[in-house]
Amino acid sequence: MEKNLYGEQIGSVIGETSPIQILFIVENTRSRPRLGEYIVVDYGGDYGFRERYVLGMIESISSGNPLAPESFSNPHVLPRLRLYDETRTRTYMRGTARLLSYVSTLVSRKPFVETPKTPPPPLSIVYRAGRELLEKIFSNKGRGWVRIGVLASHPDVPYSVNVNYIVQRHLAILAVTGAGKSNTVALLVTRIVGGLGGTALVFDMHSEYSSSQLGVKTSVIEPALNPLYLDTSEFLQLLRIPSNAWRQELVFREALKKTKESILSGEAMPSSFFELLRSYAREYGGVGRKRSEWERAVSSVINKIDDLYDRYRHIFRYDIGSNLSSIIRPGYLNIMDLGGVDEDTADVVVHHYLRRLYYERRRYLRGEGGYPDPILVVIEEAHVLVPRNESRVTKYWVSRIAREGRKFGIGLCLVSQRPKAIDENALSQTNNKIILRLVEPNDLRYVQYASEYLSDELLKMLPGLNIGEAIVFGLMAPLPAVVKIDQCTGKSGGRDIDAVSEWGSRASRDNSVLRIVEETHDLAGF
Ligand SMILES: Nc1ncnc2c1ncn2[C@@H]1O[C@H](COP(=O)(O)OP(=O)(O)O)[C@@H](O)[C@H]1O
Ligand SMILES: [Mg+2]
C-alpha cells in the first residue's frame, strides 16, 4: 500500500511548520507543482503508518531567483545574466500547502477526515499524491455514489458524490449565470434516474430541461393543479384573507367543505367547483347577531373567489386525479415546465406539490398508502421562490422540507445565481454545496456564512474558476475539492444564444440588410 500512496518527490518542508499549513521548497523545478494539486507529506520513520503520511493541497506557489531580486535595478546586465548558466540553476519554486487529513483514515474501510495533530518535522519529504491514492479517496464506485466530474488538478481522477447524503442533507448549486449550474443539475438528475433508478422532480423556470434530450425516462408535467386538492390553508393564502378576518374565514371554510363534499360524492361535476364555491358562500347565513357584518363578509369572500379564479384559472384542471404518483412518476425524471407562467403562479404550483409530496411521503412511511419513492426536488431560480426578504408561499414548505425532509426521503436542491437573495434559513440547511464561478463579494460572503466547510482559501478561488469548474463540499463529498464537472450530453435547453449567427442567417435571407452591411463596410474603408 505505502508504495502506491505517492508519486514523484517534488520537494521538502522548510521553515517553521504547523499541523495546518506548511511551506515547502521545490527540489526539481521541472516537476512543476500546480495550484490545487494534492501532495503527500511523509513525516518520516519515527511515525507509525497511521500518522506517517498526510494528504495536503497546494494553496499557493511562487518562483524566484536571488540573481533577480525585487530590488534589481540594472537592466544592462540582463542579456548577460540570461546566458549565465548558474542563473537558471538558481531559480527556485516554493509553495504553501494546507494539510487536510491523515491518509490512513481516508483510505480505511469506513473513510473519514482526520486532521493531523502534529507539525511535520522540517525537511520532511513532499510527494505529489499518486493517482492510485487519489482514486481511492475521490473515485468511490460503491453503491449510491455517482461520478460528477474529475479533479481539476488531476484530470485522470474521477470525482464521485454520495447521493444518499444529497437527499438527506440537501444541496445548493450556486454560481454566476453561464458558469454551468443547469449542466450540473442535468448531470446529477440523469445519473440519479438513469444510473440509480431514482426519482427526481425539477421545477424548470425557463423551460430549459423540458426541451432537452437527456436520455433517461422523462415526464414533462404542465404546471396545473386541481382546486379540489388545494387545502384550506392554501386557499386562505391565495384568497388573501387576513388571519384576523374570522368571519370571512368561516364563510369560506364552510363553502369549501360543502363544495368538496358535493364533488367527491359524485353529486356535482368537478368542473363546477368555482360555481359551487360561490353559491355555497352566498348561501351562508351567518351565526348569531350582527347580520350586516356577515353580509359584508359573504360579499367580500365572493369577490375574493372571483379574483382568485381570474388570476389562476389557466392552471386549474378538473381532471387531475388525487394520485400523486400519476403526476410525479416514480423512477422518472419529472420536469415541471414553469416557463410559461408568471412568478406568482409558479409560487402557487410549487407550493402545492411540495406540500403534497411532504404529506404523501409521511403517509407512505406510516404504511397508509402515499408516495412510494424517495425523491430529489430541484428548484431552479431559488432566489425567486425562496427569497430572503419577500414573502412567498413556497418558502414555508421549502424551509419545512429542508428541516425535516431527511426523515421522509425528500432531498432539496436549490439552484441560484443570486445566493445572497435566497432565504438564509433554507440556504444554511443545505449541507452540500457545488459552487461554480462566483464573483460578487456580497454573494461570496453570504455563501461562506451559510457554509460549514468553506475555508478562506477555497473562497478566494471562486472568482477565478473556469466554466464547469466548481468547489464541491459537504457530507456528500469525500473531501472538499476543485472539480471539473462533466458536460452532460443532451442538455441543450440552456445553451447560450449565438446572437451573431442568428442575425447573420436572417440577414443572409434578407438582401436589404446585406446591402446596408456592405455600405457600412465601404464607409469604414474596406
Ligand atoms: N462542465 C462543463 N463543461 C463544459 N462546458 C460547460 C460545462 N458546464 C456548462 N458548460 C457550458 O456553459 C454553458 C452554460 O451552462 P449552464 O449550465 O446553462 O449555466 P448556468 O445554468 O449556470 O447559467 C453551457 O451551454 C455549456 O456550453
Ligand atoms: Mg441555468
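What you see is a predicted model, and the numbers here were worked out from it, not measured in a lab.

Draft legend 1. Inspection of the overall build of the protein at higher detail. Scanning the protein for helices and strands turns up 19 helices and 17 strands. In terms of C-alpha radius of gyration, the protein reaches 30 Å, well past the compact-globule figure of 24 Å for 526 residues. Its C-alpha atoms give the protein principal-axis dimensions of about 100 × 75 × 45 Å. Per-residue burial over the protein gives 50% buried out of 526 residues. Considering only contacts within the protein whose residues lie at least 6 apart along the sequence, 72% involve residues at least 24 apart. With the model as given, the accessible surface of the protein reaches about 26,000 Å², and the carbon-plus-sulfur share is 49%. Charged side chains in the protein number 67 positive and 61 negative. The centres of these two groups are separated by 4 Å.

Draft legend 2. Spatial organisation of helix α14 (residues 393-408). Relative to the 22 Å expected for 16 residues at 1.5 Å per residue, α14 spans 21 Å between its end C-alpha atoms, a close match to the ideal helical length. The sharpest bend along α14 comes to roughly 55°, located at alanine 402. Within α14, burial applies to Val393, Thr394, Lys395, Trp397, Val398, Ser399, Arg400, Ile401, Ala402, Glu404, Gly405 and Phe408. Lining the buried residues of α14 we find α8 (232-239), α12 (343-365), β13 (375-379), α13 (382-385), β14 (410-416) and α15 (424-428). Positioned one or two residues after α14, glycine 409 has a phi angle of 70°, which is positive.

Draft legend 3. Looking closely at helix α11 (residues 291-312). With 22 residues, α11 should cover 32 Å at 1.5 Å per step; its first-to-last C-alpha distance of 32 Å lies within 8% of that length. All buried positions along α11 are accounted for by Trp294, Ala297, Val298, Ser300, Val301, Ile302, Lys304, Ile305, Leu308 and Tyr312. In this structure, the buried residues of α11 make contact with α8, α9 (246-264), α10 (273-283) and α12.

Draft legend 4. Layout of the nonpolar core. Within the largest apolar cluster, 87 residues are counted, with the highest numbers of intra-cluster contacts made by Phe203, Phe252, Ile328 and Val377. Residues lining this core come from more than one domain, with at least three contributed by each of domain 2 (145-150 + 157-224 + 321-485) and domain 3 (228-315). Those residues within four positions of valine 377 in sequence are excluded, and the remaining contacts are Leu201, Phe203, Leu354, Leu357, Ile410, Gly411, Leu412 and Cys413. Grouped together as the second largest cluster of nonpolar side chains are 57 residues, Tyr53, Ile137, Ala186 and Leu333 included.

Draft legend 5. Broad picture of the packing of α8 against α9. One can describe the packing of α8 onto α9 by two numbers: an axis separation of 11 Å at closest approach and a directional angle of 130°. In this view, α8 runs oblique relative to α9, as classed from their interaxial angle. In the crossing of α8 with α9, the sense of the turn from one axis to the other is right-handed. Judged by residue contacts, Thr232, Phe235, Leu236 and Leu239 of α8 engage Glu249, Phe252, Arg253 and Leu256 from α9. Here the contact of α8 with α9 is built from residues that sort into five nonpolar, one polar and two charged.

Draft legend 6. Fine view of the packing of aromatic side chains. This structure, assessed with the given rule, holds 19 aromatic pairs. Seen in terms of ring centroids, tryptophan 246 and tryptophan 294 are 5.8 Å apart; in terms of plane orientation they differ by 85°. Their pairing is edge-to-face. Here tryptophan 294 lies in helix α11 and tryptophan 246 lies in helix α9, a separation of 48 residues in the sequence. Residue classification places tryptophan 246 among the partly exposed residues on the basis of a relative accessible area of 48%. A centroid spacing of 5.6 Å and a plane angle of 40° characterise the contact between tyrosine 284 and tryptophan 294, whose relative ring orientation is tilted. In this pair, tyrosine 284 sits in the loop between α10 and α11 while tryptophan 294 sits in helix α11, placing the two residues 10 residues apart along the sequence. One exposure class covers both tyrosine 284 and tryptophan 294, and it is buried.

Draft legend 7. Inspection of the domain arrangement of the protein at higher detail. According to the domain assignment, the protein contains domain 1 (2-137), domain 2 (145-150 + 157-224 + 321-485) and domain 3 (228-315). Inter-centroid distance (C-alpha atoms) of domain 2 to domain 3 is 35 Å. Contact residues are listed per partner, giving 14 residues for domain 2 and nine residues for domain 3. Between domain 2 and domain 3 the total buried area reaches about 990 Å² when both faces are included, carbon and sulfur atoms providing 62% of it. When residues of domain 2 are sorted by the area they lose upon contact with domain 3, Thr345, Val348 and Arg355 head the list and together hold 40% of the total. For the pair domain 2 and domain 3, the interface holds two salt bridges. Considering every element that reaches the side of domain 2 that touches domain 3, the biggest residue donor is α12, with eight residues.

Draft legend 8. Spatial organisation of a nonpolar patch on the surface. Together, Tyr165, Tyr453 and Leu475 give the surface a local cluster of nonpolar side chains, amounting to about 240 Å² of exposed area. Within the secondary structure, tyrosine 165 is located in helix α6 (residues 163-169). The class for tyrosine 165 is partly exposed, based on a relative accessible area of 33%.

Draft legend 9. Spatial organisation of the state of the cysteines. Enumeration according to the criterion identifies zero disulfides in this entry. Looking at cysteine 413, it has no disulfide partner, and the nearest cysteine sulfur is the one in cysteine 488, 14 Å off. Judged by its relative accessible area of 1%, cysteine 413 is buried.

Draft legend 10. A look at the sheet that holds strand β5 (residues 92-102). Here we have six strands rolled up into a closed barrel, ordered β1-β2-β5-β4-β3-β6, and antiparallel in their pairing. Sheet twist, expressed as the mean angle between neighbouring strand axes with direction ignored, is 45°. Summarising the sheet, strand β4 (residues 53-64) and β5 pair through 10 bridges and their orientation is antiparallel. Looking across to β5, one finds that isoleucine 58 is bridged to alanine 97.

Basis of the calculations
Residues numbered from 1 in each chain as written. Chains lettered and ligands numbered in written order. Predicted model: local features only at pLDDT ≥ 70, side-chain atom pairs only at ≥ 80, totals over all residues. Heavy atoms only, no water. Helix = DSSP H or I, 4+ residues; strand = E, 2+ residues; numbered from the N terminus. Rg over C-alpha atoms; globule rule 2.2 N^0.38 Å. Buried < 20%, exposed > 50% of the residue type's maximum accessible area, 1.4 Å probe, protein only. Contact = heavy atoms within 4.5 Å. Areas by Shrake-Rupley, 256 points an atom, 1.4 Å probe, with all protein chains shown as cover. Lys, Arg positive; Asp, Glu negative; His and termini not counted. Charge placed at Lys NZ, Arg CZ, Asp CG, Glu CD. Expected span 1.5 Å × (residues − 1). Bend = angle between axes of the 7 residues up to and from the residue. Core = buried A, V, L, I, M, F, W, Y, C linked by side-chain atoms within 4.5 Å. Domains from an automatic or database assignment. Axes fitted to C-alpha atoms, helices over the stretch in contact; angles between N-to-C directions. Parallel < 35°, antiparallel > 145°, perpendicular 65-115°, else oblique. Left-handed = near helix turned anticlockwise from the far one by under 90°. Nonpolar A, V, L, I, M, F, W, Y, C, P; charged D, E, K, R; others polar. Phe/Tyr/Trp six-rings, centres within 6.5 Å; stacked < 30°, edge-to-face > 60°. Buried area = accessible area lost by both parts, 1.4 Å probe. Salt bridge = Lys/Arg side-chain N within 4 Å of Asp/Glu carboxyl O. Patch = residues over 30% accessible without salt bridge, like charges linked within 9 Å, V, L, I, M, F, W, Y side chains within 5 Å. Disulfide = S-S within 2.5 Å. Pairing = 2+ DSSP bridges.

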